[in-house]
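Architecture at a glance
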Amino acid sequence: MEPERNICVIGSLNVDLVATATKIPVKGETILASSFAIRYGGKGANQAVACSRLGIQTNLVAKIGDDDYGRQAMEKLAEYSVNTSTVIKEELESTGLALIVVEEETGENVITVVSGANARLSSEDVLRHEEAIVSCSICLLQLEIPLDTVKKTIEIAKRNQIKVILNPAPFQLLNDEILYGIDILVPNVLELEILLGLHIPDSTWYSNDDSETAVIFGLVDRLQRKFQNLALVITLGKRGCIVCPHMENKHLNAFLIEPYISTHHTVDTTGAGDCFCGALAVGLMEYGNLLEAARFANIAAGISVTRQGTQESYPSREQVEYLLKDNQVARIQKLNHIKE
């Protein structure tokens, strides 16, 4: 079957309860928030909205509870033109919730997730909606749903030669079966640390002669040699991302893609990583090149953090493409210390 021009997202759907405060509380501390809002999220739903707002038909396979939160979330997804015919209602279960505190000045946040119905999205549910996977161009996954469900989705996708992007968040240990099955892994630095089993100093990514850099990329090199179909896109937050495409001639290549820095201040980073992942999938479909896709995603995520909210902060296709025309925005640089 020839895949259609769409993206299938399999993942979580949450309602976000967001408090904004002058600081993020430490353990045992009570603070007063300056505002409160109910927003709609979950890594799966967020990534689906990001794809849809960027102009690509997007199907979401997810699970909600039989409650008002779930009904409201479905209405919101419909506003963003996400296909929700594959979202399943779980009786006697609550819709997933995320409790978020956002720091006013920096936009940084802390998040606690109550999985609810997300924990009930099963392999059998995925099999019921297998058609949504086998008819897509790209399958996008995260880890707020059971790992067995992720494995079954990868199995279906690879059997049908569908490209798989995995955002390993929140991080769980990934076995060889999963890593062999995915095409692009999109960890942040903390997730990469766990994956590689070492601490990565913040300065490491920007030093062309740091011996620690050689150690880290040596481990990335080993990872890609073992899983030969695996490309990595390592997100660095406000510093952009590192892209390690599929190996060519058995040599590791790595590129730094600069962040898009807006003249507007960062106000809310909630969901920026999900915006990046959705935009990466869209960019890959549009340009067929991982570096250009990551540049597209950097710009989309850079726009999102200048706006309050999560899904409502995600940009349109036109907004991203306008900035793409400027070759000085989110430039791609080859990392010279990676030896060929």
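Going by the structure above, here's the rest.
Let us look at the structure shown here.

Conventions adopted
- Residues numbered from 1 in each chain as written.
- Predicted model: local features only at pLDDT ≥ 70, side-chain atom pairs only at ≥ 80, totals over all residues.
- Heavy atoms only, no water.
- Phe/Tyr/Trp six-rings, centres within 6.5 Å; stacked < 30°, edge-to-face > 60°.
- Lys NZ or Arg CZ within 6 Å of the ring centre and 35° of its normal.
- Salt bridge = Lys/Arg side-chain N within 4 Å of Asp/Glu carboxyl O.
- Helix = DSSP H or I, 4+ residues; strand = E, 2+ residues; numbered from the N terminus.
- Buried < 20%, exposed > 50% of the residue type's maximum accessible area, 1.4 Å probe, protein only.
- Contact = heavy atoms within 4.5 Å.
- Pairing = 2+ DSSP bridges.
- Axes fitted to C-alpha atoms, helices over the stretch in contact; angles between N-to-C directions.
- Parallel < 35°, antiparallel > 145°, perpendicular 65-115°, else oblique.
- Left-handed = near helix turned anticlockwise from the far one by under 90°.
- Nonpolar A, V, L, I, M, F, W, Y, C, P; charged D, E, K, R; others polar.

1. Observations concerning the packing of aromatic side chains
Tallied over the full model, the rule gives two aromatic pairs. Seen from the ring of Phe-255, Lys-334 lies directly overhead, with NZ or CZ sitting 5.8 Å from the centre.

2. Some points on the pattern of salt bridges
Tallied over the entire structure, the rule returns 23 salt bridges. Among the ionic pairs, Glu-155 bridges to Arg-159, the shortest N-O distance being 3.5 Å. A residue pair is termed a helical-turn pair when its members lie 3 or 4 positions apart in one helix, as Glu-155 and Arg-159 do in helix H5 (residues 147–159) at four residues. A network of salt bridges, in which partner residues are shared, links Lys-63, Glu-90, Glu-93, Arg-120, Asp-125 and Arg-128.

3. Observations concerning the environment of Glu-93
Among the structural elements, Glu-93 can be located in the loop between strand S5 (87–90) and strand S6 (96–103). According to the relative accessible area criterion, Glu-93 is partly exposed, its value standing at 21%. Look past the residues within four positions of Glu-93 in its chain and what remains in contact with it is Gly-65, Asp-66, Asp-67, Gly-116, Ala-117 and Arg-120.

4. Here we look at the pairing of strand S12 (residues 241–244)
The two faces of S12 match: Cys-241 and Val-243 on one face and Ile-242 and Cys-244 on the other face are all buried. As consecutive antiparallel partners, strand S11 (residues 231–235) and S12 are separated by five residues, and within that stretch Gly-237 has a phi angle of approximately 65 degrees, a positive value. Of the strand pairs in this sheet, S12 and strand S13 (residues 255–257) are connected by three bridges, and their pairing is antiparallel. Looking at S13, one finds that Val-243 is bridged to Phe-255.

5. Quick word on the packing of helix H1 (residues 43–53) against helix H9 (residues 272–287)
Close contact between H1 and H9 brings their axes to 8 Å; oriented N to C, the two are set at 45 degrees. When the axes of H1 and H9 are compared, the pair comes out oblique. The way H1 lies across H9 gives a crossing that is right-handed. Each of Lys-43, Asn-46, Gln-47, Ala-50 and Cys-51 in H1 lies in contact with H9, whose residues at this interface are Asp-274, Cys-275, Cys-277, Gly-278 and Val-282. Looking at the contact of H1 with H9 residue by residue, the class counts come to five nonpolar, three polar and two charged.

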